[in-house]
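Observations on the three-dimensional arrangement
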Amino acid sequence: MAETMLKITDLVSSYGNIKALKGISLEINKGEIVSLLGANGAGKSTLMKSILGMVKIESGSIKFKDTELVGKKSHEIVPMGISLVPEGRKIFIDVSVEENLNIGTFFRKRPAARDKELRDMVYEVFPRLYERRTQLGGTLSGGEQQMLAVGRAIMSDPQLLMLDEPSMGLAPLVIAEVFNVIKKINEMGITVLLVEQNAKMALKISNRAYLMNTGQIVVSGTGEDFLQSDVLTSVYLGGKKE
Amino acid sequence: MLFQQILNGLTNGSLYALMAVGVTMVYKSLGMLNFAHGDIMMVGTFITLTFVLMGYPLYVGIALGVISAAILGFLLERAILRKVKFTSFVNLLIATVGVSYVLRNAAMVIWGTSPQLFPSMFPETLIEIGNFRITPQSIGVILISLVIITGLHFFFTKVKIGKCMQLANSDPEGAAMMGVNVTHMRFLTFGISAALAAIAGIMIAPMTYARVDMSATIGMKAFAAAILGGIGNLWGALLGGIILGIVEALGSAYISTAYRDAFSFIILFIVLFVKPTGLLNKKIENKL
């Protein structure tokens, strides 16, 4: 049995008065790519933000290896080795590409040599970022900004990388490229939690997946299981099989 | 005469700039002008004066005045604005205006309303070059302001904690996701802004006397300077402050001293009419 990286038990989170997560339990093992699927409003992004300590948690537990994350703030959680590439990318538009990448290194304590190693790795995976390293973040195209956001997350040397809708708003060719990169990142030994509307593409690279609906987990299984069953179509099209 | 007036303008202008920098920093963090900025300046100035009158050396008084102002800035953010920020924009506006009134009235009770002499940190002797006279005060004020603003620029662009402050102010959620402690950064922004205001007040008071109503006139000019240069922009605040100072000096010398305070706003209206974003800002921000 693989080593557990993240174990969430009966997690309940709320946004204001709305309960966004109603008792979520899931596990991510070291080295896996795990997908979170589900329609809009299912609570996928909330789950990621909960892991990062950005949402009010009512009850339940989030264990990262042996550390309880519930009650910790994001500035305490990020340095432990958890990074989020948020939906809509959120790169810093008025600083250069290189500086954006540097920001990723701010909150992880490690030798300076590791920074260089990671930077070389990012530039190797995204040669385009190297070409544009002196440009301002805001001048990049949507696809390049996504790569910058992913690159910045890699710079923080995460053990667990969470990606929220990395393909959103991108052209099909660029999407394929993004998924290739996710696979590459995983091969570097980084565990990945992926939220994706593009369920088919996500499942193809995932070891396992969880399907969420209105704040709960409906089904879980391997990527293969999902691709072969009709549970996806039924949930995305609204009707849930009893 | 002209050169002399420009020098006077530069002196006042660099003080407006120092105030405007604080306005602009807090604006970026809060999304709104801090109407208590001038009052924090005034309180810092009077605390310095109080310690000096108690017999402490001027430099001790200055240090204590600046530190008190910074603490006042911290408290303003921590105790009031942080909680109000999540309710509504109007509440936030009223909150800073309210703090402004409380500080001003408290100051009137404690220190009275009459202007008081304030010691200068610079020697009084005039430096004469031909028929041209410079006071050490002018040179000192201009140099200190420029050094502080340049230092801040360095701090915000080269020092990690300064960069984090910038990130936290421009995109709080994104910064938090990167691991920036946004709460601390906001706290620090208010503290630095308030400390700068106190330093400005301490340099203004020897020229204008320490008076409780300095908070209103200087505070408004700081807003005007920050908006003129482009709100949220550090160099804009510097440029705006200096333009205001020079326009004011030339206006009072060649037109009429009666309209001294009006010149700043006339130039502000003209610039906003031509370039609504202020001189150095490119696009209109969504914040008010």
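A quick note: this is a predicted structure, and the numbers were derived from the prediction, not measured.

Conventions and cut-offs
- Residues numbered from 1 in each chain as written.
- Chains lettered and ligands numbered in written order.
- Predicted model: local features only at pLDDT ≥ 70, side-chain atom pairs only at ≥ 80, totals over all residues.
- Heavy atoms only, no water.
- Helix = DSSP H or I, 4+ residues; strand = E, 2+ residues; numbered from the N terminus.
- Rg over C-alpha atoms; globule rule 2.2 N^0.38 Å.
- Buried < 20%, exposed > 50% of the residue type's maximum accessible area, 1.4 Å probe, protein only.
- Areas by Shrake-Rupley, 256 points an atom, 1.4 Å probe, with all protein chains shown as cover.
- Lys, Arg positive; Asp, Glu negative; His and termini not counted.
- Charge placed at Lys NZ, Arg CZ, Asp CG, Glu CD.
- Contact = heavy atoms within 4.5 Å.
- Axes fitted to C-alpha atoms, helices over the stretch in contact; angles between N-to-C directions.
- Parallel < 35°, antiparallel > 145°, perpendicular 65-115°, else oblique.
- Left-handed = near helix turned anticlockwise from the far one by under 90°.
- Buried area = accessible area lost by both parts, 1.4 Å probe.
- Salt bridge = Lys/Arg side-chain N within 4 Å of Asp/Glu carboxyl O.
- Nonpolar A, V, L, I, M, F, W, Y, C, P; charged D, E, K, R; others polar.
- Pairing = 2+ DSSP bridges.
- pLDDT = per-residue confidence, 0-100.

Concerning the overall build of chain A
A count of helices and strands for chain A gives 10 helices and 10 strands. Here the C-alpha atoms of chain A give a radius of gyration of 17 Å, agreeing with the 18 Å that 2.2 N^0.38 yields for 242 residues. Seen through its C-alpha atoms, chain A measures out along the principal axes to roughly 55 × 40 × 40 Å. Here chain A holds 242 residues, and 52% of them are scored as buried. Accessible surface computed for chain A: about 10,800 Å², of which carbon and sulfur atoms make up 50%. Put simply, chain A has 30 plus and 28 minus side-chain charges, and the middle of one group is 3 Å from the middle of the other.

Points about the side chain of Ser215(B)
By secondary structure assignment, the location of Ser215(B) is in helix H9 (residues 214–229). For Ser215(B), the contacting residues outside a window of four places in its chain are Gly38(B), Asp39(B), Met41(B), Met42(B) and Arg104(B).

Comments concerning the packing of helix H3 (residues 58–84) of chain B against helix H8 (residues 182–208) of chain B
All names here are of chain B. Relative to each other, H3 and H8 sit at 140 degrees, their axes nearing to 7 Å. In terms of orientation, H3 and H8 fall into the oblique class. Classified by chirality, the crossing of H8 by H3 is right-handed. Of the residues in H8, those touching H3 at Ile-62, Gly-65, Val-66, Ala-69, Ala-70, Gly-73, Phe-74, Leu-76, Glu-77, Arg-78, Leu-81 and Arg-82 are Thr-183, Arg-186, Phe-187, Leu-188, Phe-190, Gly-191, Ala-194, Ala-195, Ala-198, Ile-199 and Ile-202.

A few points about the interface of chain B and chain A
Contact with chain B, which involves 14 residues of that partner, is made by 16 residues of chain A. By the criterion of area lost to chain A, the three top residues of chain B are Leu167(B), Met177(B) and Met178(B), representing 42% of everything that side buries. Across the contact surface, chain B and chain A share two salt bridges. Between Lys49(A) and Glu173(B) there is a salt bridge; the shortest N-O distance is 3.1 Å. Here the side of chain B that touches chain A takes five residues from helix H7 (residues 172–177) of chain B, the largest share from any one element. For the side of chain B that touches chain A, the residue count by class is seven nonpolar, three polar and four charged.

Here's the deal with the pattern of salt bridges
Evaluated as defined, the whole model comprises 18 salt bridges over all chains. A salt bridge links Asp120(A) to Lys116(A); its shortest N-O distance comes to 2.9 Å. Of this pair, Asp120(A) and Lys116(A) are both found in helix H4 (residues 112–125), four residues apart, which corresponds to roughly one turn of the helix. Look at Asp120(A) and you get partly exposed, because its relative accessible area is 39%. Across the pair Lys221(B) and Glu248(B) runs a salt bridge whose closest N-O atoms are separated by 3.2 Å. Residue Lys221(B) is located in helix H9, and its partner Glu248(B) is located in helix H10 (residues 234–254); the two are separated by 27 residues in the primary sequence. On the accessibility criterion, Lys221(B) (4% relative accessible area) is buried. If you follow the salt bridges from partner to partner, you end up with Arg128(A), Arg132(A), Glu144(A) and Glu177(A) in one network.

Focus: the sheet that holds strand E4 (residues 56–64) of chain A
Residue and element names in this part refer to chain A. Strand order in the open sheet made by the four strands is E2-E1-E4-E5, with antiparallel pairing throughout. This sheet does not close on itself; its edge strands, each paired only once, are strand E2 (18–29) and strand E5 (67–68). Bridge analysis of strand E1 (residues 4–15) against E4 gives seven bridges, and the strand direction is antiparallel. Bridge pairing in E4 places Ile-8 opposite Ile-62. Along the sheet, helix H1 (residues 44–51) contacts E1, E2 and E4; its crossing angle with E1, the most-contacted strand, is approximately 115 degrees.

Considerations on the confidence of the model for chain A
Per-chain confidence: chain A averages 87 in pLDDT, with 95% of residues scoring 70 or above. Looking over chain A, one finds the lowest element-wise mean pLDDT in helix H10 (residues 231–236) of chain A, namely 67, and the highest in strand E8 (residues 191–195) of chain A, namely 95.

Describing the packing of helix H3 (residues 97–105) of chain A against H4(A)
Residue and element names in this part refer to chain A. Remark: H3 packs on H4, axes separated minimally by 11 Å, with the N-to-C direction vectors making an angle of 135 degrees. Classified by the angle between their axes, H3 and H4 sit oblique to one another. For H3 against H4, the interelement crossing comes out right-handed. Contacts between H3 and H4 involve Glu-98, Leu-101, Asn-102 and Thr-105 from the first element and Asp-115, Arg-119, Val-122 and Tyr-123 from the second. Each residue belonging to the contact of H3 with H4 can be placed in one class, and the counts come to three nonpolar, two polar and three charged.

Things to note about the pairing of strand E3 (residues 33–37) of chain A
All names here are of chain A. With five of five residues buried, E3 lies mostly within the body of the structure. Of the two faces of E3, the one carrying Ile-33, Ser-35 and Leu-37 and the one carrying Val-34 and Leu-36 are both buried. As paired strands, E3 and E8 are joined by four bridges and run parallel to one another. Across the sheet, residue Ile-33 finds its bridge partner in E8, namely Val-192. For E3 and strand E9 (residues 208–213), the ladder comprises four bridges, and the chain directions are parallel. Paired with Val-34 across the bridge in E9 is Arg-208.

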